[in-house]
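A closer look at the structure
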Amino acid sequence: MHAADANISRPSSPEPTFQTLQLSGKPGVSFVGSCCREVTWPTTRNVFASNLLVAQSNLQAAFVGHAGKLVAWVTTTQGASKPVAGAKVQVYLSRYSQDFASLGPSCTTSAEGICSLDVSTNYDSSTQSAVITAPGEGPLVVASLPSGYSSNAGAYAAVIVLDRQLVKPGDDLHLTAYIQKRNGSVLEVAKDVTSVIIEVSPSFDSSSPSADNMRITAAVNTSFGSVHAKLPVPKDATPAAYTVQLYTVSTTTQSPVTAVVSAAPAPLEAAGPPEVLAMPKPARQPVPTPTAVAVAPFGDGVVPPKLPPLPAEQPGALLASAGFTVGDPRPPTATLSVDAPAWAKPTDSVTVKLTAASYIGSDVSGADITLEWQTDKAKGSVTSETNAQGIATAVIALGQLPKANQSEPGDTLRLAVTWIGPTREAITASKSVKIADGPVRVELQRSLLTDVPGISFGVKADAFSNEDDSPVKGATVQVSLSAANGTASLTNCSSQQLALLAQQRCSIPAGDATAATACQLLVPCMGDFILKGCVNSSCSAPVRVGRNATWWSASPWAAPPQLNLLPDRQNVTVGGALNLVVQNPWWGPTSGLLVWGNAVKRQVRALPQIPPGPSTIAINGLGAECRGSCRFALLMAVARPSQPAAASAAAQMNNFITVTRSSSGGSSSGGRGINLPFGIRITIPLFER
């Protein structure tokens, strides 16, 4: 530890002049305190009024957590941000009920600066922090770590099968469940799960608290991993939707029970068949009565005996869930159908065909059918009369709405239809209509989320049919960047920058992520812009890009570039390949760490250099780590701006901030360089076809 070898002093004042206390500048820990205040206990003396420890370190670290595991990555803040080998990562656990932190797991980094920590056991109620040390580099304190998804449910795959979805009060619902354990890419019989808890919520007993769910404990056939149970539905069960959930059994220990021997205990109630306990009612689980033992008299004649702890079965990890409905409906007597176009333009008149039919031969002509419609900006109602065939037509004239109430592409027209049927019951139906400007829906993604002028970003476009949401193959998307409110709003843009804005357009094939490496756009100056992609007359929803001078003046460092991984496909197969497009916005090559996998298995790849600008990360031969689903996390280590190129980039950014402040009438004190973010994480779910 370094002792503080610098000091300052200043008089107490309502408006003090702040001074800088120069620290050692070397890796290590410095003690900083302000002197002094007088205390009188246990003796009179002067003590530091406030104090703290300041760690100065050349280390930086990031963590990726998943399925009870943490991957730590330690690099230097100097030069090219190289990995640090042999660094110790020590986790500490802090609980609200404890005064001091306790030691958690630890690991030592490899030559690539990587190590793994198992945080799956008993850390759910803890705040996790870490101290990272390496010889000569100074300690690094990480105040909060990701939880790592500390759950055992990911180790199992389970499914619930119910014999029906609708159950009458007083009937029995039969349940079968199958439980398997994940072992790498193989699913095996879960022989370690010998019993499970089946919970129904809300409780069948409407008078009990909602949290008082009904539970049964069922045995598992470990030869097949199967569970069979009967759920008796009480005759007075409230008609409603219910959820049944399957849990592992978490056995806790209750406090010792103290009892007074006064009489022989009542016999325990029969627990039913050994493999299944009957559904209790009311919902509370019966607690077994402990058997008291006689002890020698003491004092008033009886000593309260200390009985052994009673095991209490509580739900553990959630394995699977399913839903069912309790009710006693009569067979339907009529039906109502709604036919409407899949999409419509904001100014169209939408024609809706309504068809009423009776199952009991009743006349359906001359019936009134009410159609209620609603958009984000308007709503209304239309009543139509059926003809001899039970058909009625309703027209919604969207184009006749006031301009302020007209819809925009991307909105939804929601339809709700009601008909009072032959038996005077309400027959209802619903449908939705997409509001679009053409038959194709275009969606845009950017390889870099940035509003900073002069920083390029790539664009990927996808095109889908508005009729059935299927991808439109072979479509070409015209991408453009334009002023949000016309060029008159770009008061901070020079004529050269306005000319550069006119060049911000490209044509790319739909669905091709690698097109983002070629379609590179940028915000030319401070202002509000719109990014849009079109296939003929069908355009995407406008994406707002850029910020005006007023915003930058108020928050100059509040919008650093954010990475965004673009996969070249959304479905993968084991053994297949995947390309990820990423864009490095910083001044030079950075190092990266890519972690991907599922709840059982993960892969880690160190990326020594990610060049500036767009690039593609290729993963060939995806393995069992992507079976079922696959998530990706990318960490990028950015060195501090000590190199000439970095200093130049920092100077440009500081100049931009200075110009921003002066352009809006503010003052600028200049900057001291860029301290860019480290450890940016992106996750992408990919599902095995």
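For the structure, check the block above.
Keep in mind that what you see is a predicted model, and the values were worked out from it rather than measured.

Tallying secondary structure elements over the protein gives 3 helices and 44 strands in all. Residues counted as buried form 39% of the 689 residues belonging to the protein. Long-range contacts, defined as pairs at least 24 residues apart, comprise 67% of the intrachain contacts of the protein with a sequence gap of at least 6. Of the roughly 36100 Å² of accessible surface on the protein, a fraction of 52% belongs to carbon and sulfur atoms.

Quick look at the pairing of strand 40 (residues 590–597) now. Residues in a regular strand project their side chains so that they alternate between the two faces of the sheet. Among the 8 residues of strand 40, 8 are classified as buried, and the element is accordingly described as predominantly covered. What you see with strand 40 is no split at all: Thr590, Gly592, Leu594 and Trp596 on one side and Ser591, Leu593, Val595 and Gly597 on the other are buried throughout. In this sheet, strand 41 (residues 602–610) lies alongside strand 40 in antiparallel orientation, the contact comprising 7 bridges. Along strand 41, the bridge assignment pairs Thr590 with Ile610. By the bridge criterion, 7 bridges tie strand 40 to strand 43 (residues 629–637) in an arrangement that is antiparallel. Residue pairing across strands places Trp596 opposite Phe632, the latter belonging to strand 43.

Counted by the stated rule, this structure contains 3 aromatic pairs. Relative to Phe324, the ring of Tyr242 lies with its centre 5.7 Å away and its plane at 15°, an arrangement referred to as stacked. Taken as a pair, Tyr242 in strand 17 (residues 240–253) and Phe324 in strand 18 (residues 311–326) lie far apart in primary sequence, 82 residues in all. Each member of the pair, Tyr242 as well as Phe324, is classed as buried. The ring of Phe457 has Arg446 lying over it, and the distance from NZ or CZ to the ring centre is 5.5 Å.

Attention shifts here to the nonpolar core. Grouped together as the largest cluster of nonpolar side chains are 54 residues, with contacts concentrated most on Val479, Leu531, Leu594 and Phe632. Leaving out residues up to four positions away in the same chain, Leu531 has contacts with Leu444, Arg446, Phe457, Val459, Val479, Ser480, Leu481, Leu521, Ala541, Pro542, Val543 and Val545.

We now examine the sheet that holds strand 24 (residues 391–397). Judged by pairing direction, the sheet is antiparallel, and its 3 strands sit side by side in the order 19-21-24 without closing on themselves. At either end of the open sheet lies a strand with only one pairing partner, and these are strand 19 (334–339) and strand 24. Along the sheet, successive strands turn relative to each other by an average axial angle of 20°, direction set aside. Where strand 21 (residues 349–358) and strand 24 come together, 7 bridges link them in antiparallel fashion. Its bridge partner lying in strand 24, Leu354 is registered against Ala392.

Right, let's get into the state of the cysteines. Scanning all chains against the criterion turns up 5 disulfides. Between the sulfur of Cys493 and that of Cys525 lies a disulfide, 1.7 Å long from S to S. In this structure, the disulfide formed by Cys493 and Cys525 twists by about 80° around the S-S bond and is classed as right-handed. With a gap of 32 residues between them, Cys493 in the loop between strand 30 (476–483) and helix 1 (495–501) and Cys525 in the loop between strand 32 (520–521) and strand 33 (529–535) connect regions that are remote in the sequence.

The subject of this paragraph is the environment of Pro346. Tracing the backbone shows Pro346 in the loop between strand 20 (343–344) and strand 21. When its relative accessible area of 14% is taken as the criterion, Pro346 is described as buried. C-alpha of Pro346 to C-alpha of Leu401: the two residues are 55 residues apart in sequence and 9.9 Å apart in space. The contact partners of Pro346, leaving out residues within four places of it in the chain, are Leu398, Gly399, Ser407, Glu408, Pro409, Ile435 and Ala436.

Turning next to the side chain of Ser407. By secondary structure assignment, the location of Ser407 is in the loop between strand 24 and strand 25 (412–420). Judged by its relative accessible area of 7%, Ser407 is buried. When neighbours within four sequence positions are excluded, Ser407 is seen to be in contact with Pro346, Thr375 and Ile435.

Here strand 5 (residues 88–94) runs beside strand 6 (residues 102–108); their pairing, made up of 5 bridges, is antiparallel. What sits directly across from Leu93, in strand 6, is Ser102. Bridging between strand 5 and strand 8 (residues 127–133) involves 7 bridges; their strand directions are antiparallel. Within strand 8, the position partnered with Ser94 by the bridge is Thr127.

In spatial order, the strands read 20-26-25-22-23; together these 5 strands make up an open sheet with mixed pairing. Each edge of the sheet is formed by a strand with only one pairing partner; in this case those strands are strand 20 and strand 23 (379–385). The pairing of strand 22 (residues 368–374) with strand 25 spans 6 bridges and is classified as antiparallel. When the sheet's bridge partners are listed, Trp373 is paired in strand 25 with Leu415.

What follows deals with the environment of Leu398. With respect to the element layout, Leu398 can be found in the loop between strand 24 and strand 25. Put simply, Leu398 and Ala378 are 20 residues apart on the chain and 9.3 Å apart in space, counted from C-alpha to C-alpha. With residues up to four places along the chain from it excluded, the contact list for Leu398 reads Lys345, Pro346, Asp348, Ser349, Val350, Gln406 and Ile435.

Our next topic: the environment of Leu522. Mapping Leu522 onto the fold places it in the loop between strand 32 and strand 33. C-alpha separation for the pair Leu522 and Leu481, spaced 41 residues apart in sequence, amounts to 8.4 Å. Residues contacting Leu522, with those up to four places away along its chain left out, are Gly454, Ile455, Ser456, Phe457, Leu481, Leu500 and Gln504.

What follows is about a nonpolar patch on the surface. A cluster of nonpolar side chains, Val159, Val161 and Tyr178, forms an exposed patch at the surface whose accessible area comes to about 260 Å². As for its placement among the helices and strands, Val159 is situated in strand 10 (residues 156–162).

Okay, the pattern of salt bridges next. Scanning all chains against the criterion turns up 14 salt bridges. Taken together, the salt bridges that share partners define one network made up of Lys434, Arg441, Glu443 and Asp469.

Each value, and the rule that gives it
- Residues numbered from 1 in each chain as written.
- Predicted model: local features only at pLDDT ≥ 70, side-chain atom pairs only at ≥ 80, totals over all residues.
- Heavy atoms only, no water.
- Helix = DSSP H or I, 4+ residues; strand = E, 2+ residues; numbered from the N terminus.
- Buried < 20%, exposed > 50% of the residue type's maximum accessible area, 1.4 Å probe, protein only.
- Contact = heavy atoms within 4.5 Å.
- Areas by Shrake-Rupley, 256 points an atom, 1.4 Å probe, with all protein chains shown as cover.
- Pairing = 2+ DSSP bridges.
- Phe/Tyr/Trp six-rings, centres within 6.5 Å; stacked < 30°, edge-to-face > 60°.
- Lys NZ or Arg CZ within 6 Å of the ring centre and 35° of its normal.
- Core = buried A, V, L, I, M, F, W, Y, C linked by side-chain atoms within 4.5 Å.
- Axes fitted to C-alpha atoms, helices over the stretch in contact; angles between N-to-C directions.
- Disulfide = S-S within 2.5 Å.
- Patch = residues over 30% accessible without salt bridge, like charges linked within 9 Å, V, L, I, M, F, W, Y side chains within 5 Å.
- Salt bridge = Lys/Arg side-chain N within 4 Å of Asp/Glu carboxyl O.

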